[in-house]
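Secondary and tertiary structure notes
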Amino acid sequence: MTFAVEKPMFEDVSAFQKKREDKIEFSMPKMTTEDDEAFLAPEMNAFGRQFRDYDAESERQKSVEEFYRTQHINQTVDFVKKMRAEYGKLDKKVMSIWECCELLNEVVDESDPDLDEPQIQHLLQSAEAIRKDYPNEDWLHLTALIHDLGKVITLPQFGGLPQWAVVGDTFPVGCAFDESIVHHKYFLENPDFQNKAYNTKTGIYTEGCGLNNVMMSWGHDDYMYLVAKENGSTLPSAGQFIIRYHSFYPLHTAGEYTHLMNEEDKENLKWLHIFNKYDLYSKSKVHVDVEKVKPYYMSLINKYFPETLRW
Ligand SMILES: O[C@H]1[C@H](O)[C@@H](O)[C@H](O)[C@@H](O)[C@H]1O
Ligand SMILES: [Fe+2]
Ligand SMILES: [Fe+2]
């Protein structure tokens, strides 16, 4: 394999080039090809139910519903503005992408009816699944690996936010809460629900303004997008879009809120549709061997991210 190496700006070209080549050699180990069958989406989740069944009668569903009750009451325009300002500082920690993956060993997502495994497994399961079907789109494998890293903000050293401010599906604030949002009834107690400036179809926005100008409920998607962007990641725009809107089920699955999109959003949405299948249907009790796949993902991290990032 050959790689295009950017023209270095240094005087000592050979030393720089050498460093760069070492990095590249390390960064491209062979892909494992033991099982190269296509990814098959299962019909049932690990609990023997349909995926994303928010109305089933079970203990897990009850706690998921309670999660959405608090999320819907508390995610307001004011709250999102505060969170954006606070987390925009990126002053919580300096660490690498892989260190963050390992921190997710400690995080279990209370909003998810389909998975109660540590989040690092979900990252690897979705990345390995998408890699099977799109072997040449390395940026997509990496996008899957990192898409949920933002969940670290539930940990004490990152501000210890309650789960309702971190996980679950997302939706715009500042305009009407669409009825396709799961457990929509709990918005009745959200102060923005009664606010005339915020409760019309376009609210504080304009048709076609672009999602970049829309404030989404605060959580792991927007936070991780911010981390990637502010630290100068070279992930393509579709990868950044996937990270930012993968929980926006009211758009990518229900097809609502399209009046807020611009042309670029429409292009990127095609990739988000592809991604969503692997994010959702790869959730399983079968663990991926972390050490075995780590070298491959390290090579992608080195390609698209600096060594350490501000979080
Ligand atoms: O419960 C899940 C989980 O929190 C995911 O990380 C998020 O992306 C989904 O939208 C949500 O339904
Ligand atoms: Fe997520
Ligand atoms: Fe996910």
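By the naming in an unreviewed UniProt entry, the protein goes by Inositol oxygenase and is assigned to Cardamine amara subsp. amara. What UniProt records for the protein under Catalytic activity (unreviewed entry) is the sentence "myo-inositol + O2 = D-glucuronate + H2O + H(+)". Annotation of the protein in UniProt includes, under Pathway (unreviewed entry), the sentence "Polyol metabolism; myo-inositol degradation into D-glucuronate; D-glucuronate from myo-inositol: step 1/1."

Let us look at the coordination of the iron ion (ligand 2). Ideal geometry at a metal centre gives angles of 109.5 degrees when four donors are arranged tetrahedrally and 90 or 180 degrees when six donors are arranged octahedrally. Bound to the iron ion (ligand 2) are the protein donor atoms D148 (OD), H220 (NE2) and H246 (NE2), situated 2.0 to 2.2 Å from the metal. Spacing between the donor residues of the iron ion (ligand 2) along the chain follows D-x71-H-x25-H. For the pair the iron ion (ligand 2) and the iron ion (ligand 3), the metal-to-metal distance amounts to 3.7 Å, and D148 bridges them. Remark: H220 occurs in helix α7 (residues 220–230) and D148 occurs in the loop between α6 (138–146) and α7; sequence separation between them is 72 residues. Since its relative accessible area comes to 3%, D148 is described here as buried. Look at H220 and you get buried, because its relative accessible area is 2%.

This part covers the UniProt feature "binding site: Fe cation 2" (unreviewed entry) in the protein. Per the UniProt record, the feature "binding site: Fe cation 2" (unreviewed entry) sits at H220. Not counting residues within four places of it along the chain, the set of residues in contact with H220 comprises H147, D148, G150, K151, V166, V167, G168, H246 and S247. Reaching out from H220, the side chain makes a polar contact with the side chain of D221 at a distance of 3.3 Å.

As a further point, take a negative patch on the surface. Taken together, the side chains of E99, E102, D289 and E291 make up a negatively charged region of the molecular surface. Within the fold, D289 resides in the loop between α10 (263–281) and α11 (290–304). Residue classification places D289 among the partly exposed residues on the basis of a relative accessible area of 45%.

The next point concerns the nonpolar core. Inside soluble globular proteins, nonpolar side chains tend to come together where they are buried. Ranked by internal contacts, the top residues of the largest apolar core, which has 87 residues, are I97, L145, I146, L149, Y223, F305 and W311. The element best represented in this core is α11, accounting for seven residues. With residues near it in sequence (within four places) discarded, Y223 still touches Y87, L90, G150, V152, I153, F158, W218 and W311.

Rules and cut-offs
Residues numbered from 1 in each chain as written. Chains lettered and ligands numbered in written order. Predicted model: local features only at pLDDT ≥ 70, side-chain atom pairs only at ≥ 80, totals over all residues. Heavy atoms only, no water. UniProt positions renumbered as here; feature names shortened; annotations may be inferred. Donors = N, O, S within 2.8 Å, 3.2 Å for Na, K, Ca; no water. Helix = DSSP H or I, 4+ residues; strand = E, 2+ residues; numbered from the N terminus. Buried < 20%, exposed > 50% of the residue type's maximum accessible area, 1.4 Å probe, protein only. Contact = heavy atoms within 4.5 Å. Polar contact = N/O pair within 3.5 Å; in protein donor to acceptor, adjacent residues only side chain to side chain. Patch = residues over 30% accessible without salt bridge, like charges linked within 9 Å, V, L, I, M, F, W, Y side chains within 5 Å. Areas by Shrake-Rupley, 256 points an atom, 1.4 Å probe, with all protein chains shown as cover. Salt bridge = Lys/Arg side-chain N within 4 Å of Asp/Glu carboxyl O. Lys, Arg positive; Asp, Glu negative; His and termini not counted. Charge placed at Lys NZ, Arg CZ, Asp CG, Glu CD. Core = buried A, V, L, I, M, F, W, Y, C linked by side-chain atoms within 4.5 Å.

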